[in-house]
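Here is what each chain is made of, one letter per residue.
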Amino acid sequence: MLPAKDVDLSTVEYHRESIKAPKLSGFTLKLFVWLIELPIIGSWLLSHLKENNKFTQMLQNTVIPETPMFRPEFPPQEPEPGVILMDEDSAPVVRAESALECLPPYDPNRHSGNGSPGSFLYWTIRDYAHAYRSRHVTPSMVAEHVISYVEESKNKKVSNPLLISFIAEDVRKQAMASTRRFEEGRPLSVLDGIFMAIKDDIDCFPHPTRGATTWFHEVRSVNEDAVCVSRLRSCGVIFVGKANLHELGLGTTGNNPNYGTVRNPHSIERYTGGSSSGPGAIVSSGLCPAALGTDGGGSNRIASSLCGVVGMKTTYGRTDMSGSLYDCGTVEVIAPIASTVEDAMLVYAAMSGSSLEDRICMRPLPPSLPCLSSSDSSNIVGSLRFGKYTEWFNDVYSTDISDKCGDVLHLLSKTYGCQIAEIVLPELQEMRNAHLVSMGSEQMSCLNPHCIDGKGAELTLDSRIDLAVYRAFTAAEYVSAARIRRRIMYYHMEAFKKVDIIVTPTTGITAPKISASSLKYGESDLEVSGYLLRFIQSANLIGFPAITVPVGHDKEGLPIGLHLMGRPWGEATVFRAASVVEELCLRSRNRPSAFCDILGRCEQ
């Protein structure tokens, strides 16, 4: 390889991704796992897979001149225009109130809870807050409807196991405390009484953290909340329980034979995407206006895109990871999934704040939010430059996706005068391989002690395939991946000299169908995974903030998401762009077929 700075972008050719691996389910999946775990045959199979997918060529047989970057290193960034800065040392309640001041004035008449296609709007956090303060509804009333919906979802003909851990009496207890605060006129914040789910790889006491396995709670006890959960709890958030996910976050569809596979609220015969399948479906179904998930390989954004909601990934180091299963990695963050951009902003404001270690090592800019209520906001939007790598943008399974996302860019240009600039991002296949090696090696480091103790044999079959692949990565490949990370960082920062946002579809495919053969034993379909991961891995590898916003549906009525990635520490610009995209596409959101109108029921 030439040094990244010497690569001539005019000569870069885009190569459509081609993943060579068999689709496996049922007996063939069990047979493949048996073979891949055999000492000699397994080593040959893994070597063959790596060779066919160019891992060996890219990570072993190529001289990469850059020094390794073992975790994201960000160059200094300029402050963003038109933002409100938040003090990381201030209380979460104070930060939530700062976020509230950033939003346009609240209009209680804007909502249309029972809208027909083209007029559907989700209930927002401010809708709940208004209902509570108007004394029309209490958190305890909402709690009863939430409990009823969760219990009904378990008993339907087609089960939809949204939550792995659910304690009805704990929900009632939290709601009663919140109701009492409203009766006494002392709610803690705009988030008081807001119901949220927590992905089952984040600690939320008194629930165990299983990571959607059958055994992880036996080797890891939970005695307190994760830091981000504690911050939200201090604002009065009511936690409904632990949301389902693809086991240990090791897959992209949300398939889980242990607890059942979560169904997509827009079509119950299709996947939600993952690994944040439960949080995505819970928000999409209307059960909660927001949830917390983790995003190490697009998990929040994939599920949110396929379920038609907003999913965020913060800058690496922006949120404290203490209390999550993978709290020592270099690609994963905890971040919100929400029904709207403004709800994502409110939750982000309350939960954000770097760990002491990251403040020392990474020197983050203060967290900030766009002042959307400012009279100058439209002018700032108009000055935004969106970067589009057309050949990559169009590399999708169906042109419904690229056409819909392209229409949004045209609207941005026509309505606000935003500039749409052509960019080139080299070495995307190398980026994907480097991300997989980085993420897989870090997950293997966390799980290996338990696998050695025999717990690996109790994982689902597709998880065992993933871990076998991760175990086959060498130290040399890990270092090569770190060298590629530095190259990818360089290419993206060069692009950000010309643009403010890099825009793509969120996924290259809409929600895939759930095959009946996958429900009992799971499945392995790396071609589908490739489409789901196509546009989002770079944000994890180099640690940049990103968000997906629903922009419409394909011909089958399945949601399509637009993906916006910004500069490091640039969450405010990402939120500003997302808010504008959401407003332009607001009347393009369809009501999910499996939707629970919680607040509407309470107000009847």
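Quick caveat, the model's predicted, so the values are computed rather than measured. (Residues numbered from 1 in each chain as written. Predicted model: local features only at pLDDT ≥ 70, side-chain atom pairs only at ≥ 80, totals over all residues. Heavy atoms only, no water.)

1. Brief notes about the overall build of the protein
So, point 1. Within the protein one finds 24 helices and 15 strands.
So, point 2. For the protein, whose C-alpha radius of gyration is 23 Å, the value lies close to the compact-globule estimate of 25 Å for 604 residues.
So, point 3. Based on the C-alpha atoms only, the size of the protein along its principal axes is roughly 70 × 50 × 50 Å.
So, point 4. Taken over 604 residues, the protein has a buried fraction of 64%.
So, point 5. One finds the centroid of the 58 positive side-chain charges in the protein at a distance of 2 Å from the centroid of its 68 negative side-chain charges. (Helix = DSSP H or I, 4+ residues; strand = E, 2+ residues; numbered from the N terminus. Rg over C-alpha atoms; globule rule 2.2 N^0.38 Å. Buried < 20%, exposed > 50% of the residue type's maximum accessible area, 1.4 Å probe, protein only. Lys, Arg positive; Asp, Glu negative; His and termini not counted. Charge placed at Lys NZ, Arg CZ, Asp CG, Glu CD.)

2. So, the layout of surface pockets
So, point 1. For the second largest pocket, the calculated volume is near 650 Å³.
So, point 2. Looking at the second largest pocket, it is lined by 27 residues, and the ones nearest its centre are P104, R110, E342, E582 and E583.
So, point 3. Of all the elements in the fold, those that place two or more residues in the lining of the second largest pocket are α5 (125–133), α12 (341–351), α14 (377–382) and α23 (571–584).
So, point 4. With 4 residues, the single largest contributor to the lining of the second largest pocket is α23.
So, point 5. Across the lining of the second largest pocket, the residue classes break down as 13 nonpolar, 6 polar and 8 charged. (1 Å grid on protein atoms, 1.4 Å probe; cavity = no way out; pocket = protein on both sides within 12 Å on 5 of 7 lines; lining within 4 Å. Points joined across faces, edges and corners; volume = space filled by probe spheres on them. Nonpolar A, V, L, I, M, F, W, Y, C, P; charged D, E, K, R; others polar.)

3. Brief notes about a nonpolar patch on the surface
So, point 1. On the surface, a cluster of nonpolar side chains totalling about 370 Å² of accessible area is made up of F27, L31 and W34.
So, point 2. With respect to the secondary-structure elements, L31 resides in helix α1 (residues 26–36).
So, point 3. Judged by relative accessible area, which is 36%, L31 ranks as partly exposed. (Patch = residues over 30% accessible without salt bridge, like charges linked within 9 Å, V, L, I, M, F, W, Y side chains within 5 Å. Areas by Shrake-Rupley, 256 points an atom, 1.4 Å probe, with all protein chains shown as cover. Salt bridge = Lys/Arg side-chain N within 4 Å of Asp/Glu carboxyl O.)

4. Some points on the environment of A475
So, point 1. Mapped onto the elements, A475 comes out in helix α19 (residues 475–495).
So, point 2. According to the relative accessible area criterion, A475 is exposed, its value standing at 60%.

5. Overview of the side chain of S402
So, point 1. Positionally, S402 belongs in helix α16 (residues 399–416).
So, point 2. Classification of S402 by relative accessible area gives buried; the value is 7%.
So, point 3. Setting aside residues up to four positions removed in sequence, S402 forms contacts with F393, N394 and V396. (Contact = heavy atoms within 4.5 Å.)

6. Here's the deal with the pairing of strand β14 (residues 546–553)
So, point 1. Taking burial as the measure, the 8 residues of β14 include 8 buried ones, the bulk of the element.
So, point 2. In terms of strand pairing, strand β7 (residues 310–313) meets β14 through 3 bridges, oriented antiparallel. Paired with M312 across the bridge in β14 is I547.
So, point 3. As paired elements, β14 and strand β15 (residues 559–565) share 7 bridges and run antiparallel to each other. (Pairing = 2+ DSSP bridges.)

7. Here's the deal with helix α6 (residues 139–155)
So, point 1. The end-to-end C-alpha distance of α6, which contains 17 residues, comes to 25 Å, matching closely the 24 Å that a straight helix rising 1.5 Å per residue would cover.
So, point 2. Turning to α6, its buried residues are P139, V142, A143, V146, I147, Y149, V150 and S153. The buried residues of α6 occupy an angular sector of 165 degrees when projected down its axis, which confines them to one face.
So, point 3. Contacts from the buried residues of α6 go to α5, β3 (163–165), α7 (168–183), β4 (195–199), β5 (238–243) and α24 (598–603). (Expected span 1.5 Å × (residues − 1). Arc of directions from axis to C-beta.)

8. Describing the sheet that holds strand β6 (residues 290–295)
So, point 1. Judged by pairing direction, the sheet is mixed, and its 11 strands sit side by side in the order β3-β5-β4-β6-β8-β7-β14-β15-β12-β10-β11 without closing on themselves. Sheet topology places β3 and β11 (419–422) at the edges, where each strand pairs with a single neighbour. Going from strand to strand, the sheet's axes swing by 35 degrees on average, the running direction of each strand aside.
So, point 2. In the sheet, β4 pairs with β6 via 3 bridges, with the strands oriented parallel. The residue of β6 that forms the bridge with I198 is L292.
So, point 3. Sheet contacts for α12: β4, β6, β7 and β8 (333–338); angle to β8, the most-contacted strand, approximately 145 degrees.
So, point 4. Where α16 meets the sheet, its contacts fall on β10 (385–388), β11, β12 (501–505), β14 and β15, and the angle it forms with β15 comes to roughly 55 degrees. (Axes fitted to C-alpha atoms, helices over the stretch in contact; angles between N-to-C directions.)

9. Concerning the nonpolar core
So, point 1. Of all hydrophobic cores here, the largest spans 159 residues; its most connected members are L191, F195, L232, L292 and L564.
So, point 2. If sequence neighbours within four positions are ignored, L232 has contacts with L191, M196, V237, F239, L292, V347, A350 and M351.
So, point 3. Counting 11 residues, the second largest nonpolar core, distinct from the first, contains L24, V33, L49 and I465. (Core = buried A, V, L, I, M, F, W, Y, C linked by side-chain atoms within 4.5 Å.)

10. A word on unusual backbone geometry
So, point 1. A cis amide bond links F205 to the next residue, P206, at an omega of 15 degrees.
So, point 2. Structurally, P206 is set in the loop between β4 and α8 (216–219).
So, point 3. Cis geometry is adopted by the peptide bond preceding S275, which originates at G274 and carries an omega value of 20 degrees.
So, point 4. Inspection of the secondary structure puts S275 in the loop between β5 and α10 (277–284).
So, point 5. The backbone of E427 sits at a positive phi, close to 60 degrees, despite the residue not being glycine.
So, point 6. The residue E427 is located in the loop between β11 and α17 (428–452) in this model.

11. Observations concerning the packing of α17 against helix α18 (residues 461–471)
Each pair of packed helices can be summarised by the angle the axes make with each other and by the distance between the axes.
So, point 1. In the contact formed by α17 and α18, the axes pass within 9 Å of each other and the chain directions differ by 105 degrees. Considered as vectors, α17 and α18 are oriented roughly perpendicular to each other. Facing α17, whose interface residues are L436, M439, G440, Q443, M444, L447, N448 and C451, α18 presents L467, Y470 and R471.
So, point 2. Looking at the contact of α17 with α18 residue by residue, the classes come out as 7 nonpolar, 3 polar and 1 charged. (Parallel < 35°, antiparallel > 145°, perpendicular 65-115°, else oblique.)

12. Comments concerning the packing of aromatic side chains
Remark: the centre distance and the inter-plane angle together describe each pair of aromatic rings, the angle taken between the planes.
So, point 1. Taken as a whole and assessed by the stated rule, the structure comprises 17 aromatic pairs.
So, point 2. Seen from their ring centres, Y14 and Y389 are 5.8 Å apart, and the 85 degrees between their planes marks the pair as edge-to-face. Here Y14 is found in the segment before β1 (24–25), whereas its partner Y389 is found in the loop between β10 and α15 (390–393), with 375 residues between them in sequence.
So, point 3. Judged by relative accessible area, Y14 falls into the buried class, the value being 13%.
So, point 4. Relative accessible area serves as the criterion here: at 4%, Y389 is assigned to the buried category.
So, point 5. Look at F55 and F473: their rings are 5.8 Å apart centre to centre, the planes differ by 25 degrees, and that puts the pair in the stacked class. Linking F55 in helix α3 (residues 55–59) with F473 in the loop between α18 and α19, this pair joins segments that are 418 residues apart in sequence. Residues F55 and F473 agree in their burial class; the two are buried.
So, point 6. Joined through ring pairs, the aromatic side chains of F74, F496, F544 and W569 make up one cluster.
So, point 7. Over the aromatic face of Y521 sits the side chain of K30, whose NZ or CZ is 4.2 Å from the ring centroid. (Phe/Tyr/Trp six-rings, centres within 6.5 Å; stacked < 30°, edge-to-face > 60°. Lys NZ or Arg CZ within 6 Å of the ring centre and 35° of its normal.)

13. Focus on the pattern of salt bridges
If the charged atoms of two oppositely charged side chains come close together, the side chains can form a pair.
So, point 1. Applying the stated rule across the entire model yields 33 salt bridges.
So, point 2. Here R126 and E342 are joined by a salt bridge, their closest N and O atoms 3.0 Å apart. Residue R126 is located in helix α5, and its partner E342 is located in helix α12; the two are separated by 216 residues in the primary sequence. For the pair R126 and E342, one class covers both residues: buried.
So, point 3. Here the salt bridges do not stand alone but share partners, grouping R16, E17, D395, R432 and R534 into one network.

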